[in-house]
Amino acid sequence: MLRRLTERAVHWVFGDGLGADLAARGAGFLAEGLRDAVDRPPQDLTGVRLRPGEAYLVVARPPATRRQRRLAARQRGLAERDRHLSRPSRRQLRTARRLSRVQRRSDRARPGSRRARRLAAAERTAGERFDKDLAPTRRQQAVRTQLLEVTRELDESRAASFDAARERRSRRRRRPADRFYA
C-alpha cells in the first residue's frame, strides 16, 4: 500500500522518465533505511553450534567510560610498540643463522671425534651469543611493563563498571513471573 502511494507521488511530482526512476529508487532506499532504523534487524555476533545439553551465555558489558577508552587506546599503542620493538634485527637474524649452521654441522659430525668436540664448543659459544643478542632490551622491558600495568588497570576498571552495572540491575524490584501470565 505504502509502495503504491510512493509510486503515485513520484509519478505526480517527477512524471515519467529517468528522473522519476531515480527518484523512485531514492525513495525506496530511504524507506528501507527508515524501516531498518525503526525495526532493526538482528545482528549475528557469532556462529556457535550447540549440542543438546550445552548452554550459551551472553554477557553484555556496560559501555566504556572515557577513562576505559583512553586506557584501551594506550594499550593498543603499547602493544603496537612492543610488536615493533620485538621484530628481529639484522644482527639477531645473523646470529640465529650462524647458530643454525653450527648446529647442522655439529649434527653431521661423528660423535666423539675431534671435529665434533670443536663444533660442540663453537655451538656453545654461538648459543651464548644468540641468548645475549635476543635478550630483551631495557626499552622492551619498560614497554612490556607499561603494557602489563595498563592492561591490569583496564581490566580492573572494566570489572568495576561491570560490578556496578550488576549491582544496579539487582537493586531493581523484580515482579513474580506468574503475575504476567495469570
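Everything quoted here is computed from the prediction, not taken from an experiment. (Residues numbered from 1 in each chain as written. Predicted model: local features only at pLDDT ≥ 70, side-chain atom pairs only at ≥ 80, totals over all residues. Heavy atoms only, no water.)

Draft legend 1. The arrangement of the environment of Glu 156 in detail. Residue placement: Glu 156 occurs in helix H6 (residues 138-171). Glu 156 gets classed as partly exposed once you look at its relative accessible area, which sits at 46%. Taking the C-alpha atoms as reference, Glu 156 lies 9.9 Å from Gln 68; in sequence the two are 88 residues apart. (Helix = DSSP H or I, 4+ residues; strand = E, 2+ residues; numbered from the N terminus. Buried < 20%, exposed > 50% of the residue type's maximum accessible area, 1.4 Å probe, protein only.)

Draft legend 2. Structural detail: a nonpolar patch on the surface. On the surface, Val 48, Leu 50, Tyr 56 and Val 58 cluster together into a nonpolar patch covering about 380 Å² of accessible area. Turning to its location among the elements, Leu 50 is positioned in the loop between helix H2 (18-38) and helix H3 (66-86). (Patch = residues over 30% accessible without salt bridge, like charges linked within 9 Å, V, L, I, M, F, W, Y side chains within 5 Å. Areas by Shrake-Rupley, 256 points an atom, 1.4 Å probe, with all protein chains shown as cover. Salt bridge = Lys/Arg side-chain N within 4 Å of Asp/Glu carboxyl O.)

Draft legend 3. Seen up close, helix H4 (residues 90-108). With 19 residues, H4 should reach 27 Å at 1.5 Å per residue; the first-to-last C-alpha distance of 27 Å fits that figure. Among the residues making up H4, those that are buried are Gln 92, Thr 95, Leu 99, Val 102 and Ser 106. One side of H4 holds all its buried residues, which, seen down the axis, span an arc of 95°. Exposed side of H4, more than 90 degrees from the buried face: Arg 90, Arg 97 and Arg 108 are the residues found there. Buried residues belonging to H4 abut helix H5 (114-134). (Expected span 1.5 Å × (residues − 1). Arc of directions from axis to C-beta. Contact = heavy atoms within 4.5 Å.)

Draft legend 4. Fine view of H5. Helix length check: H5, at 21 residues, gives a terminal C-alpha distance of 30 Å against a target of 30 Å (1.5 Å per residue), a fit within 8%. The complete set of buried residues in H5 reads Ala 116, Leu 119, Ala 126, Gly 127 and Asp 133. Looking straight down H5, one finds its buried side chains confined to an arc of 130°; they lie on one side. Away from its buried face by more than 90 degrees, H5 exposes Arg 114, Arg 117, Arg 118, Arg 124, Glu 128, Asp 131 and Lys 132. Structurally, H5 contributes buried residues whose contacts are with H4.

Draft legend 5. Quick look at the layout of surface pockets. As a volume, the largest pocket reaches approximately 220 Å³. Along its surface, the largest pocket is lined by 13 residues, and Leu 85, Arg 87, Gln 92, Asp 133 and Gln 140 are the ones closest to its centre. At the level of secondary structure, the elements contributing two or more residues to the lining of the largest pocket comprise H3, H4 and H5. When grouped by side-chain class, the residues that make up the lining of the largest pocket number six nonpolar, five polar and two charged. Considered as a void within the structure, the second largest pocket measures approximately 190 Å³ in volume. Looking at the lining of the second largest pocket, the elements that each hand over two or more residues are helix H1 (2-14) and H2. The class makeup of the residues in the lining of the second largest pocket is five nonpolar, two polar and three charged. (1 Å grid on protein atoms, 1.4 Å probe; cavity = no way out; pocket = protein on both sides within 12 Å on 5 of 7 lines; lining within 4 Å. Points joined across faces, edges and corners; volume = space filled by probe spheres on them. Nonpolar A, V, L, I, M, F, W, Y, C, P; charged D, E, K, R; others polar.)

Draft legend 6. Looking closely at the side chain of Gln 92. Topologically, Gln 92 is positioned in helix H4. Among residues more than four places away in sequence, those in contact with Gln 92 are Arg 87, Asp 133 and Leu 134.

Draft legend 7. Seen up close, a positive patch on the surface. Together, Arg 94, Arg 97, Arg 98, Arg 101, Arg 104, Arg 105, Arg 108, Arg 114, Arg 115, Arg 117 and Arg 118 make up a positively charged patch on the protein surface. Looking at the positive patch, the elements that each hand over two or more residues are H4 and H5. The element that contributes the greatest number of residues to the positive patch is H4, accounting for seven residues. Among the secondary structure elements, Arg 94 is positioned in helix H4. (Lys, Arg positive; Asp, Glu negative; His and termini not counted. Charge placed at Lys NZ, Arg CZ, Asp CG, Glu CD.)

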